[in-house]
Structure formats: C-alpha cells, structure tokens
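Single-letter residue listing:
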Amino acid sequence: MMTPFPLTRATALARLEAFLPDAGAAYARLRNHDRGLGGHVHVSGLSAALRRRLISEEEVTRAVLDRHGMKAEKFLSEVLWRTYWKGWLEARPAVWAGYRASLAHWQERLTQDRTLARRHAEAVEARTGIDAFDGWMTELEETGYLHNWARMQFASIWIFTLGLPWELGADLTLGRFADGDPASNTLSWRWVAGLHTPGKFYLADAVRIQDMTGGRFRPKGLATKATLPRDGFMTPDPQAPRSPLRPDPKAPSLLLLTVEDLSLETFPLPPITAIAHLPGETEADRIALDDALTRARQAFPLAQVLGPLTRATLKDAPAQIVTGFAPLGPTADRLEPLRAEAQVTEVLRDWDARTWPLCRKGFFALKEKMPALFKALEPDLLAHHG
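Rules of the game
- Residues numbered from 1 in each chain as written.
- Predicted model: local features only at pLDDT ≥ 70, side-chain atom pairs only at ≥ 80, totals over all residues.
- Heavy atoms only, no water.
- Helix = DSSP H or I, 4+ residues; strand = E, 2+ residues; numbered from the N terminus.
- Contact = heavy atoms within 4.5 Å.
- Areas by Shrake-Rupley, 256 points an atom, 1.4 Å probe, with all protein chains shown as cover.
- Lys, Arg positive; Asp, Glu negative; His and termini not counted.
- Charge placed at Lys NZ, Arg CZ, Asp CG, Glu CD.
- Buried < 20%, exposed > 50% of the residue type's maximum accessible area, 1.4 Å probe, protein only.
- Arc of directions from axis to C-beta.
- 1 Å grid on protein atoms, 1.4 Å probe; cavity = no way out; pocket = protein on both sides within 12 Å on 5 of 7 lines; lining within 4 Å.
- Points joined across faces, edges and corners; volume = space filled by probe spheres on them.
- Nonpolar A, V, L, I, M, F, W, Y, C, P; charged D, E, K, R; others polar.
- Phe/Tyr/Trp six-rings, centres within 6.5 Å; stacked < 30°, edge-to-face > 60°.
- Salt bridge = Lys/Arg side-chain N within 4 Å of Asp/Glu carboxyl O.
- Axes fitted to C-alpha atoms, helices over the stretch in contact; angles between N-to-C directions.
- Parallel < 35°, antiparallel > 145°, perpendicular 65-115°, else oblique.
- Pairing = 2+ DSSP bridges.
- Core = buried A, V, L, I, M, F, W, Y, C linked by side-chain atoms within 4.5 Å.

Engineer: Teacher, can you tell me more about the overall build of the chain here?
Structural biologist: The secondary structure content of the chain amounts to 19 helices and five strands. Once the C-alpha set of the chain is aligned to its principal axes, its extents read approximately 65 × 55 × 40 Å. Look at the contacts in the chain between residues 6 or more apart in sequence, and 72% of them connect residues 24 or more apart. For the chain, the computed accessible surface area is about 17,300 Å², with 54% contributed by carbon and sulfur atoms. Averaging the coordinates of the 48 positive side-chain charges in the chain and doing the same for the 46 negative ones gives two points 4 Å apart.

Have a look at this one:
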C-alpha cells in the first residue's frame, strides 16, 4: 500500500502551507466532490498526519484562522469533528470495550457461518458487483485512503445493502486507512448505522453518488430502506475524561513515542535520558514513527535510544516514562499492562483539556463553542478577520 499523504512533520507543515489558500470558500464549495484516485485536490490531505499528531489540530486551526478567520468555518468544523469523536469516546470508555467484544463475536462467526464468510469475502475482495463500493474498496487497498464523503457511502452500503455487521467494517477500515483513528473510525460507523444518535442513520443514494463522483459510478441495487442493527449494549451516560498522571518536570525520564502523539519534542519535557517507542500497526505508522525518532534524537542528543519498548528495555530505563496521552484505542490497550510495572506519565495537550469536556452530547453542542474556543487560542485572531 502506498499513500500520497504526508507522514512526516516537515511534509505535513508544507502540505498545510500549500492548502491554506483553499481552506476557505473553495473548500466549502468543493469538499464533498470525490474525484477518485489521484483527484483528491479539494481537501487538505492532512488527516494521516493529524491522526498521529505529526501536526496538531491547534496548529492547523491557528494557521487557517490567521488566513481566513471564520470564513473557513466549514474546514474548521471538520477539524473539530476529529476532536469531538475523541472527546465523546473518552467520556464513554464502555463503548470502546463493547465494540471490541462485539467485534470478537463477529470474527468468531466468520469461522462458523459460511454464508457470512462468503459475503464478507466478496466485499473485502471488491467482488460485490456494486461499482461504487468495489471501486472504493480497490482504492482503499491501493492507497490507504478514501474521501471522507465516500467513507459514509462505503459504510452505508456495507451495512444496509450488503447486510454485513458494522463492527467487521469498522475493523476493516481501521486497519487499512492510513489515517485510521480508533475514535473517529468506530463512532463514524456507529453513526452511519443509526447507533450514535438513535434512529438517525445514513442511507447511501445512487443518484447522489453518481452526481458527487462526476458520473464515475452509477451503482445499482442499493438499499432504499434501512434495517438498523441492534446495539450489543446500552450507550452509557458520559463521565469525566480520564485524568492522566502528569510528569515530574525534574525527574530523569524515558520518552516513549507512540502513534498517538509524534511531536512531543515541541513541548517542555523533563530531562530525557532515554528514548523508546511502541511499534505501530501499519506501514504508515512505521514511516511516521521513524520521522519522530529522528526528531527526538536531534532534540535529545545525549539520550540513549533503546528501540522498541519491552520488559528488557524497562530494566535499562529511568523510573519515569513520559508519553503523549493515549486516548481509547489499541495504544491505550497496550499501555494498560505497563502501568502496573512502571510509572507511566502522559502529556495532555491544552487543546484536548479544553475541548473534550464539551463533547458529552452531540457535535453541534461543541460547534456552538467554536468562537470561544478560537478566542482562547489567540485573542486577536477573530478581531482581525471578523
């Protein structure tokens, strides 16, 4: 798989600079048009870098506000969607646990139900006969990317036309998207399925697909009614997001790099005497981690580079481990056993601390707070642009 999207901090910053002129009115007008492989010129292409925080939501927001002010509201809202999904899931850890349990159930069913296994294989191998779905599946395999609008259509066809469990679809895309984010991916699939906001689902429309793809696809046989899947558990009431153990600013520390935050050298950190990393899941993770390790070595030239984190690594490491906050997902799952063996401290970004408590309800409750959030970033930005 080869992705054309930036996976180093330098290329992400360059991509942001190149995109800035189009982040306002042009983005608002053209953002939903899917022109296919090699034609995604109307979106920023920053999602893979943002997912790993090679570049941050705050950096992108500041740059866009400085250029366009609130005339770039559509693009800024898309940045906030990523924040919203993370904050919403952090307030409901049982949803991640429930998804993982339900996924294990359906993966077991695939080994027992030949009909389900056949239909699943046809979808994964782009053999459904639905031109749009098969085209998007092929593009996903080749590039690790789909246009955001196409992702909704893809998920809708998977669930309502092909009748496949949403959990299997969410697992498929999380593993293949170069920008696969556990919260955005899982909750977007739940939203399409009508589980995030009860009864509010997304049904793909053939005419709309033809229009938004410039006639590239003319799908036949799409479902015209939605049979909503049954959720395996009740969505819990929100709780306060997890409070991390903060680093002792004077303690010698092991800097642990994970795909959750790969620009930690831009923060004030304790004395870093060693560097290690958690290997990622994908080739995109590997590229981004290599870049982060290079920058960490430059920032902390006297630190010992220990390689992948293992029990043996811990024996040679300082007592305090410093890493970026790990939101719910595979990285947090992998770190959990480590907390019993070592002092794992986490850097929680101000952006998350400010926004996640506002993500307890629907997205628009967060969106209403956009002006106040942006004023907190830079009080004079909105005054300059109106």
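Anyway, onward from the coordinates.
Engineer: What's the story with helix α7 (residues 114-124) in this structure? I'm lost.
Structural biologist: Along an α-helix, a turn takes 3.6 residues, which lines up residues three or four apart on a common side. Those residues of α7 not exposed but buried are Leu116, His120, Ala123 and Val124. Projected down its long axis, α7 carries its buried residues within an arc of 95°, all on one side. Following α7 by one or two positions, Ala126 has its phi on the positive side, about 60°.

Engineer: Explain the layout of surface pockets here, please?
Structural biologist: Rolled over the atoms, a probe with the dimensions of a water molecule shows which regions are left empty. Here the largest pocket is characterised by a volume of approximately 1,400 Å³. Together, 50 residues line the largest pocket, and Glu78, Trp81, Trp85, Asn148 and Ser188 are the ones closest to its centre. Examining the composition of the lining of the largest pocket, we find that 10 residues originate from one element, helix α5 (residues 73-90), more than from any other. Across the lining of the largest pocket, the residue classes tally to 24 nonpolar, 15 polar and 11 charged.

Engineer: Would you mind showing me how to read the packing of aromatic side chains here?
Structural biologist: Two aromatic rings are characterised by how far apart their centres lie and by the angle between their planes. A full pass over the atoms with the stated rule returns 20 aromatic pairs. A ring pair is formed by Phe133 and Trp158, whose centres lie 6.4 Å apart and whose planes are at 35°; its orientation type is tilted. In this pair, Phe133 sits in helix α8 (residues 131-143) while Trp158 sits in helix α9 (residues 148-161), placing the two residues 25 residues apart along the sequence. By relative accessible area, Trp158 is classed as buried at 0%.

Engineer: Can you help me understand the pattern of salt bridges in this one?
Structural biologist: Side chains bearing opposite charge may pair, as long as their charged atoms lie close to each other. Within this structure, the stated rule accounts for 25 salt bridges. Among the salt bridges present, the one from Asp261 reaches Arg349, with a minimum N-O distance of 2.7 Å. With a gap of 88 residues between them, Asp261 in the loop between β1 (253-257) and β2 (272-277) and Arg349 in the loop between β5 (343-347) and α16 (350-355) connect regions that are remote in the sequence. Both residues of the pair, Asp261 and Arg349, count as buried. As a salt-bridge pair, Arg295 and Glu265 come within 2.6 Å of each other at their nearest N and O atoms.

Engineer: Explain unusual backbone geometry to me, please; I cannot follow it from the model alone.
Structural biologist: Negative phi values dominate among residues other than glycine, just as trans dominates among peptide bonds. The backbone phi angle of Arg53 is positive, close to 55°, even though this residue is not glycine. Position of Arg53 relative to the elements: it lies in the loop between α3 (47-51) and α4 (57-68). Residue class for Arg53 comes out buried when judged on its relative accessible area of 7%. Of note, the phi angle at Ala126 is positive, near 60°, even though the residue is not glycine.

Engineer: What is the right way to read the packing of helix α6 (residues 93-110) against helix α10 (residues 166-176) from this model?
Structural biologist: The description of two helices packed together rests on the angle between their axes and the distance between the axes. Between α6 and α10, the shortest axis-to-axis distance is 9 Å and the interhelical angle comes to 100°. With respect to α10, the axis of α6 lies roughly perpendicular. Between α6 and α10, the contacting residues are Tyr99, Ser102, Leu103, Trp106, Gln107 and Leu110 on the first element and Trp166, Glu167, Leu168, Ala170 and Asp171 on the second. Classifying every residue of the contact of α6 with α10 gives seven nonpolar, two polar and two charged.

Engineer: I keep staring at the sheet that holds β2 and nothing clicks. Help me out?
Structural biologist: Sheet strands pair by backbone hydrogen bonding; their relative direction is either parallel or antiparallel. What the five strands build is an open sheet, ordered β3-β2-β1-β4-β5; its pairing is parallel. If you trace the sheet from one side to the other, it starts and ends with β3 (304-308) and β5, each paired once. Pairwise comparison of adjacent strand axes, ignoring direction, gives a mean angle of 25° for this sheet. Pairing of strand β4 (residues 320-324) with β5, which is carried by five bridges, proceeds in the parallel orientation. When the bridges of β5 are listed, Gly324 appears paired with Val347. Of the strands in this sheet, β1, β4 and β5 touch helix α15 (residues 330-339), which is tilted by about 140° from β5.

Engineer: Looking at this structure, I do not really get the nonpolar core. What am I missing?
Structural biologist: Burial of nonpolar side chains together is a common tendency in soluble globular proteins. The biggest cluster of nonpolar side chains holds 100 residues, and the ones touching the most others in it are Trp136 and Trp158. Excluding its chain neighbours within four sequence positions, the residues that come into contact with Trp158 are His120, Ala123, Val124, Phe133, Gly163, Leu164, Pro165, Trp166, Leu168, Gly169, Leu172 and Trp189.

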